[in-house]
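# Analysis of the macromolecular model
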Amino acid sequence: MNIINIINKKRLKETLTDEEIKYVIDGYLDGEIKDYQMSSLLMAILLNDMTNDEIYSLTKYMASSGEKLDLSPLGSNVVDKHSTGGVGDKTTLIIAPIVASCGVKVAKMSGRGLGHTGGTIDKLESIPGFIVNLSEEEFLNQVNDIGVAITSQTENIAIADKKIYALRDVTGTVESIPLIASSIMSKKIALGTKKLVLDVKVGNGALIKNIKDARRLSKLMIDIGQHNNIDVICILTNMDIPLGSNIGNSLEVEEAIQILKNNKEGNLRKLCVELSSHMVSLGLNISYEEAKTMVLDNLANGLAYNKFLELIKKQHGNLNNLPKSKNKYEIKSMTEGYLTEINAYKLGLLSMSLGAGRENKEDTIDYSAGIIINKNINDYIEKGDVIMTLYTNKEVTEIDNSIFKISDKKNKDEQLIYEIIK
Ligand code: URA
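None of these values were measured; they are calculated from a predicted model.

This part takes up helix α5 (residues 91–101). With respect to burial, α5 is a largely interior element, eleven of its eleven residues being buried. Inspection of α5 places Thr91, Thr92, Leu93, Ile94, Ile95, Ala96, Pro97, Ile98, Val99, Ala100 and Ser101 among the buried residues, and these make up the whole buried set. Just past α5, the residue Gly103 takes up positive phi, approximately 95°.

Once that is clear, we can look at the site of the ligand. Close to the ligand lie His82, Tyr165, Arg168, Ile180, Ser183, Ile184, Lys187 and Leu207. Note that a nitrogen atom of the ligand is positioned 2.6 Å from one of the side-chain N or O atoms of Ser183. Protein coverage of the free-state accessible area of the ligand, which is 230 Å², stands at 90%. For the shell around the ligand, the secondary-structure elements that each account for two or more residues are α8 (159–169) and α9 (177–190). Per-element tally for the shell around the ligand: the top contributor is α9, with four residues. The residue makeup of the shell around the ligand, split by class, is four nonpolar, two polar and two charged.

Judged by pairing direction, the sheet is antiparallel, and its three strands sit side by side in the order β10-β8-β12 without closing on themselves. Two strands close off the open sheet at either side, each with one partner strand: β10 (380–381) and β12 (404–407). Here four bridges tie strand β8 (residues 337–342) to β12, and the two strands are oriented antiparallel to one another. Note that in β12 the partner of Glu341 across the bridge is Lys405.

Right, let's get into the pairing of strand β1 (residues 80–83). Burial along β1 is two-sided: the face carrying Asp80 and His82 and the face carrying Lys81 and Ser83 are both buried. Inspection of the sheet shows β1 paired to strand β4 (residues 195–202) by four bridges, in the parallel sense. Its bridge partner lying in β4, Lys81 is registered against Val197.

On to the environment of Lys410. Looking at the element boundaries, Lys410 is found in the loop between β12 and β13 (417–421). For Lys410, a relative accessible area of 54% puts it in the exposed group. Not counting the four nearest positions on each side in its chain, Lys410 is found in contact with Tyr338, Thr340 and Asn378.

Turning next to the environment of Asn229. As for its position among the elements, Asn229 is in the loop between α10 (211–227) and β5 (231–238). Given a relative accessible area of 64%, Asn229 falls into the exposed group.

So, on to the state of the cysteines. The tally for this structure, following the rule as stated, stands at zero disulfides. Of the cysteine sulfurs around Cys102, a residue in no disulfide, the closest is that of Cys272, at 13 Å. Judged by its relative accessible area of 6%, Cys102 is buried. Summary of cysteine pairing: Cys234 is not part of a disulfide, and the nearest cysteine sulfur, belonging to Cys272, is at 18 Å.

The next point concerns the packing of helix α2 (residues 18–29) against α8. At a minimum axis separation of 10 Å, α2 and α8 run at an interaxial angle of 80°. Relative to α8, α2 is oriented roughly perpendicular. Residues Ile25, Tyr28 and Leu29 of α2 lie in contact with α8, whose contacting residues are Ile159, Ala160, Lys163, Ile164 and Leu167. Taken together, the residues that form the contact of α2 with α8 break down as seven nonpolar, no polar and one charged.

Domains assigned within the chain are domain 1 (3–48), domain 2 (72–320) and domain 3 (323–407). Placing the centre of domain 1 and that of domain 2 at their C-alpha centroids yields a distance of 31 Å. Carbon and sulfur atoms supply 81% of the area that domain 1 and domain 2 bury against each other, a total of about 1,000 Å² over both sides. Sorting the residues of domain 1 by area buried against domain 2 places Tyr28, Leu42 and Leu46 first, and these three jointly supply 49% of that buried surface. Where domain 1 packs against domain 2, one counts zero salt bridges.

Both the distance between ring centres and the angle between the ring planes are used here to describe each pair of aromatic rings. What the rule picks out here adds up to two aromatic pairs. Arranged with centres 5.1 Å apart and planes meeting at 80°, the rings of Tyr338 and Tyr380 form a pair that is edge-to-face. With Tyr338 in strand β8 and Tyr380 in strand β10, this residue pair connects regions lying 42 residues apart in the sequence. What makes Tyr338 partly exposed here is its relative accessible area of 24%.

So, how was this worked out
- Residues numbered from 1 in each chain as written.
- Predicted model: local features only at pLDDT ≥ 70, side-chain atom pairs only at ≥ 80, totals over all residues.
- Heavy atoms only, no water.
- Buried < 20%, exposed > 50% of the residue type's maximum accessible area, 1.4 Å probe, protein only.
- Helix = DSSP H or I, 4+ residues; strand = E, 2+ residues; numbered from the N terminus.
- Near = heavy atom within 4 Å.
- Polar contact = N/O pair within 3.5 Å; in protein donor to acceptor, adjacent residues only side chain to side chain.
- Areas by Shrake-Rupley, 256 points an atom, 1.4 Å probe, with all protein chains shown as cover.
- Nonpolar A, V, L, I, M, F, W, Y, C, P; charged D, E, K, R; others polar.
- Pairing = 2+ DSSP bridges.
- Contact = heavy atoms within 4.5 Å.
- Disulfide = S-S within 2.5 Å.
- Axes fitted to C-alpha atoms, helices over the stretch in contact; angles between N-to-C directions.
- Parallel < 35°, antiparallel > 145°, perpendicular 65-115°, else oblique.
- Domains from an automatic or database assignment.
- Buried area = accessible area lost by both parts, 1.4 Å probe.
- Salt bridge = Lys/Arg side-chain N within 4 Å of Asp/Glu carboxyl O.
- Phe/Tyr/Trp six-rings, centres within 6.5 Å; stacked < 30°, edge-to-face > 60°.

In C-alpha cells:
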C-alpha cells in the first residue's frame, strides 16, 4: 500500500477500503506518512466526502489509536454530553451539576478553546486553584463519590484524532462532516461513553452553518453510535447569536453561577434545561417530561447549585477571587431602532482579540477578558444606550461595528432549538 495511491483514489472520488484507512492512521501515527501528505488527503476528503463505511473505519481506527477508558465500574447511569462548539457556550458548567444533582453520573472530559470558540477547561481554569488534570483514578473516584467530575482529556485518548485535529486546524480542513463526526465519536468510543447527548450547533458562530449539514452530521453520529453500542441523541441548536450574555472565561463562570442560582432567564437557561432533561431521561430511563420536572425542581430548590459548589470544592477551586480585568469599555449605540442581529462569530473573534482566546495553541489566555452583551435581540435601543461592555487588560482602539444590526422593524424571534434527532 502507498499513501500517494490512497490520496489519488480520494481525489478521484473512489472509496477507500478498511485496510487503506488503517494504513493511513497507523502510518500517520508512526511518522511514515508526513503532515503534508495527510493534509492533502484531508483536503481530498473535505472536497469529495466519504461513504458511511469509510467513516466507520476512520472512527474505529482513531478510537483505538490510544488508551480506552472503562466506565463500567460506575454503573449504567453515566451520561456524557458534547457540543460541536460555539460562542458563549458554557453549558457544561451548568449541566454537569444539574444532571448529577438528579442522580445521573457525569464523567466529563473536556477540551480547551481554539479560534473563535471557547472551551470548558479554560473556563474552569479561570477559577483560582481549580484542578483540571485529574488522574484517571482520581477522576473515576470523584464520579463515584459526588457523581460528577470534569477534567481535561488525557493525552492518551484517541491520539490519532488529537494529531489530525491539530493538522486540520491549520490546513482549512476542520469543516468537513465526515471528519467532524469521526473526530467526536472516536473520542466518545475511547472514553467508554454509552449514553450521549450531542448539542449540534448551527449558524455563523458554529462549524456547521446550515440545518441540512447539521442533520447529516447528526445522523452520522447516531449511526456511528449504533455501531458502537452508544445511545445518541442530537439536539440541533442556534449559534447565529451567542449563548447567554457573557463571553470570556471568568465572565462565563459568573453567568453559569447566575443560572445555577436560578436567577436568570433566557436562551442559556432554556438550552441547559433542555439538554439536562434529555441526559437525565437517558440516565435514569424515565420520560423526558419526568426528567424535566426533576431538572426544574433542582434548579429551584438549590440542589443543582449545591452540587456545583461541591464540584468546585472537590477540585480545589475558589470562587471568591475570580479574575477581574483592568479596563472596561462601554460600547454605545450610535442610532436608535430594534436590535435585530448579534453576530456570534464576530463576537467570538472580538473576545479572542481582547485576550479571552488563543489564536495559536501556545498562546496564553487572559481569564478575565471578554464581553457582556447588555441587550437582547429585538430590544428597542435608544441612541447612546450601552449595547455591550468589553473587559480586557489591553487597550481597545477600534471595534467592528457590523457585530450588531439595528433596524426599523423587529425580526421574528430567534429559534433556539431547531430539531431533536434520535
Ligand atoms: N469537535 C471535535 O472534537 N472534533 C471536530 O472535528 C469538531 C468539533
